[in-house]
Amino acid sequence: MTIALTGELLIGSQSKRGEGAAFQSIDAASQQAIAQPVFHGALQGDVEKACRIADEAFDSYRALAAEQRAQFLDDCAARVEALGDQLIERAMAESGLPRARLEGERARTANQLRMFATLVRSGDALDARIEPALPERQPPRTDLRFWRIGVGPVAVFGASNFPLAFSVAGGDTASALAAGCPVVVKAHPAHPGTSELVGRAIQQAVAAAGLPEGVFSLLFDAGHEVGAALVQHPAIRAVGFTGSRAGGLALVKLAAARPEPIPVYAEMSSVNPNLLLPGALAARGEALAREFAASATLGCGQFCTNPGLMLGLAGAEFDAFAANAAREFGAVNAGVMLTGGILRAYEKGVERLAQHANVTTLARGAAAPGRAQSALFKVGARELLADATIGEEVFGPSSVLVECADEAELRAVLRGIEGQLTITLHMEAADADLVRTLLPLIERKAGRVLANGFPTGVEVCDAMVHGGPFPATSDVRSTSVGTAAIERFLRPVCYQNLADSLLPDALRDGNPLAIKRRFAGKPESVN
Ligand code: NAP
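Everything numeric in this text was worked out from a predicted model, so none of it was measured.

Visitor: Go over the pattern of salt bridges, please, and point to the residues and values.
Guide: Enumeration over the complete set of coordinates arrives at 33 salt bridges. As a salt-bridge pair, Glu131 and Arg141 come within 3.5 Å of each other at their nearest N and O atoms. One end of the pair, Glu131, is in strand β5 (residues 129-131); the other, Arg141, is in the loop between β5 and β6 (144-150), with 10 residues separating them in the sequence. Note on Glu131: relative accessible area 30%, which makes it partly exposed. One salt bridge connects Glu524 with Arg517, and the closest N-O pair in it is separated by 2.7 Å. Three or more residues are tied together by salt bridges with common partners; here these are Asp85, Glu89, Arg99 and Glu103.

Okay, here's the thing in structure tokens:
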């Protein structure tokens, strides 16, 4: 069944035509407006209502039995899938991303919601701990019980580069809903139609489950006002964001300046250094160059985990790698970028590197009007250390090779770089001793350390970390992918000496929910 898009705001169970500035979706490939529908931005009153009903919904939503909350998440997944081709075609037009990529992203989005449903059913995220009373101890100790509850309503900013998996029903929304937090989404203006389709699916899931309407709202805005008002609204207790460093930092500042500051989990910028270690370059330099070029230009380079900095030791093998990589980059077709703004930012970034006196342009891919032309650059480690801007993220199909005179320079570069989502080691067994000495440095800089592979794929699972020190994220303790993403939206609560009949089921004597708990400092046996 095709859904007629209306361009309306989804505020709880209502669909309402916004009274703010009108805007249209832009077809990424043609840069022409998509005629239907016209979207209207929200006004302050809409933000106020969405946040108020989210706050009103919080207590009953968080008190739902685990099975009910899990079924709601499963239903969200099924309803996103049921949007079928209409969702894929709208997302293709709005993002310029190809069908196969978006079908994969839809599967990832649904699996992510189901993964959080499984986590909710397990009770593991509650992290229940019981320290029984010790009346004989001097001084005596009273009964203490610990678990985690949702922080309250969460504002989510959909990302432009993953219109499904990091957007309206993406990882931030799924983890917040799993934590028992209502969600108010600020749709990314690059894919409003995609956002409306997914938003309507979630709105229907809320109604079908009989949940309070404020569990989910979706707001549009072509500017910054709605996002800023959301972050500043007293009912909002945390923020999830993926996008630019400037955008993320602006929200961090707003949140910190509130009378009651709140955390902003912003995933912003990373150049994902790859270390081409001598053994690997000698054994398979040519294949590495091919795989690197494919990874750096995949999806027109619009991944936060794009390999943007390739570090190697000077010598014939590094030179050969550079020549092979240059040949590969030179053969890359010009690509459609997500938005005109992102294309302009990319062109500016590439121009900055091309004009830099100490940076050599090794290759440019094919050019076409309105398309991104891939770019490969080279710089010496000393020059990079002297001017850190050379190592800043250029979002798109661009990468910089960094030639280090020796291991000491390689270490100096690792010490000098900013925080990263990922650092990758291309290595053979012969490189292990060197790697052992580099790992302490690398661990200080990255959220994920890979050996032999490229970082663009981010598995959604228990063991994933998609986070890292600033500016990769605004909070180094968090991940926005994987089950640990739920921790951003939970807070610990301790009950001291509360009667069993007043405790939540998760903490009652006899463990009625049969969940994993710690009891008196050890895992409790579950019957
Ligand atoms: P963006 O400009 O940071 O925007 C992301 C979202 O935040 C949008 O909804 C935007 O609203 C909102 N926003 C931005 N600044 C704001 C502010 N000061 N106050 C309130 N809301 C604000 O990111 P983008 O549009 O996706 O892409 C721009 C650049 O971000 C790219 O060129 C790239 O460098 C970077 N980026 C990085 C990643 C990554 O994963 N590291 C992903 C995507 C993009 P409006 O659009 O209405 O302003």
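Read on, since the account is not over.
Visitor: Mind laying out unusual backbone geometry, listing which residues take part and the relevant values?
Guide: Between Gln36 and the following residue, Pro37, the backbone shows a cis peptide bond with an omega angle of -15°. Positionally, Pro37 belongs in the loop between β3 (22-23) and β4 (39-40). Here the bond from Gln138 into Pro139 is cis, since omega is -5°, no more than 30 degrees from zero. Positioned with a positive phi, Asn272 is a non-glycine residue whose angle comes to about 50°. Mapped onto the elements, Asn272 comes out in the loop between β11 (264-267) and β12 (273-276).

Visitor: Residue-level account of the domain arrangement of the protein, with values.
Guide: When cut into domains, the protein gives domain 1 (9-24 + 44-268 + 478-487) and domain 2 (274-451). Using only C-alpha atoms to locate each centre, domain 1 and domain 2 end up separated by 34 Å. Residue-level contacts link 12 residues of domain 1 with 12 residues of domain 2. Roughly 910 Å² of surface becomes buried between domain 1 and domain 2 when both sides are summed, with 58% attributable to carbon and sulfur atoms. Taken as a group, Asn161, Arg245 and Glu267 account for 40% of the area that domain 1 buries against domain 2, more than any other trio of residues on that side. Counting every contact that joins domain 1 to domain 2 gives one salt bridge. At the boundary of domain 1 with domain 2, the tally comes to two residue pairs in polar contact (both at pLDDT 80 or more). Classifying every residue of the side of domain 1 that touches domain 2 by side-chain character gives four nonpolar, four polar and four charged.

Visitor: Go over the site of the ligand, please, and point to the residues and values.
Guide: Ser160, His224, Ser244, Met268 and Cys304 are the nearest of the 25 residues found near the ligand. At 3.0 Å from an oxygen atom of the ligand is found a side-chain nitrogen or oxygen belonging to His188. A distance of 3.3 Å separates an oxygen atom of the ligand from a polar atom in the side chain of Glu267. Protein chains bury 85% of the 860 Å² of accessible surface belonging to the ligand in isolation. Those elements giving two or more residues to the shell around the ligand turn out to be β10 (238-242), α8 (245-256) and α11 (340-355). It is α8 that contributes the most residues to the shell around the ligand, three residues altogether. Its residues assigned to classes, the shell around the ligand shows 12 nonpolar, nine polar and four charged. Lining the shell around the ligand are residues from two domains, each supplying at least three of them: domain 1 (9-24 + 44-268 + 478-487) and domain 2 (274-451).

Visitor: Residue-level account of the sheet that holds β10, with values.
Guide: Judged by pairing direction, the sheet is mixed, and its seven strands sit side by side in the order β2-β1-β9-β8-β7-β10-β11 without closing on themselves. In this open sheet, the two edge strands, each paired with only one partner strand, are β2 (14-16) and β11. Taking the axes of each pair of neighbouring strands and ignoring which way they run, one obtains an average angle of 20° across the sheet. Strand direction decides the pairing type here: strand β8 (residues 183-186) and strand β9 (residues 216-219), joined by four bridges, are parallel. Paired with Val185 across the bridge in β9 is Leu218. On the sheet, helix α7 (residues 225-232) packs against β7 (154-157), β8, β9 and β10 and is oriented at approximately 155° with respect to β8.

Visitor: Any chance you could break down helix α9 (residues 278-297) for me, citing the residues and the numbers?
Guide: A rise of 1.5 Å per residue sets the reference length of α9, with its 20 residues, at 28 Å; its end C-alpha atoms lie only 24 Å apart and thus fall more than 12% short of the reference. Along its length, α9 shows its largest kink, about 95°, at Arg284. Among all positions of α9, only Gly279, Ala280, Leu281, Gly285, Leu288, Ala289, Phe292, Ala293, Ser295, Ala296 and Thr297 are buried. Those residues of α9 that are buried are in contact with β12, β13 (309-313), α10 (316-330), β15 (375-380), β16 (398-404) and β17 (420-426). Immediately downstream of α9, the backbone of Gly299 shows phi near 55°, a positive value.

Visitor: Quick one: what's the story with the packing of helix α1 (residues 44-62) against α7, residue by residue and with numbers?
Guide: One way to put it is that α1 packs onto α7 with a least axis distance of 10 Å and a crossing angle of 40°. The two elements α1 and α7 cross, and the hand of that crossing is right-handed. Contact residues: α1 offers Gln44, Val47 and Cys51, while α7 offers Val226, Ala229 and Leu230. Taken together, the residues that form the contact of α1 with α7 break down as five nonpolar, one polar and no charged.

Thresholds applied
Residues numbered from 1 in each chain as written. Predicted model: local features only at pLDDT ≥ 70, side-chain atom pairs only at ≥ 80, totals over all residues. Heavy atoms only, no water. Salt bridge = Lys/Arg side-chain N within 4 Å of Asp/Glu carboxyl O. Helix = DSSP H or I, 4+ residues; strand = E, 2+ residues; numbered from the N terminus. Buried < 20%, exposed > 50% of the residue type's maximum accessible area, 1.4 Å probe, protein only. Domains from an automatic or database assignment. Contact = heavy atoms within 4.5 Å. Buried area = accessible area lost by both parts, 1.4 Å probe. Polar contact = N/O pair within 3.5 Å; in protein donor to acceptor, adjacent residues only side chain to side chain. Nonpolar A, V, L, I, M, F, W, Y, C, P; charged D, E, K, R; others polar. Near = heavy atom within 4 Å. Areas by Shrake-Rupley, 256 points an atom, 1.4 Å probe, with all protein chains shown as cover. Pairing = 2+ DSSP bridges. Axes fitted to C-alpha atoms, helices over the stretch in contact; angles between N-to-C directions. Expected span 1.5 Å × (residues − 1). Bend = angle between axes of the 7 residues up to and from the residue. Left-handed = near helix turned anticlockwise from the far one by under 90°.

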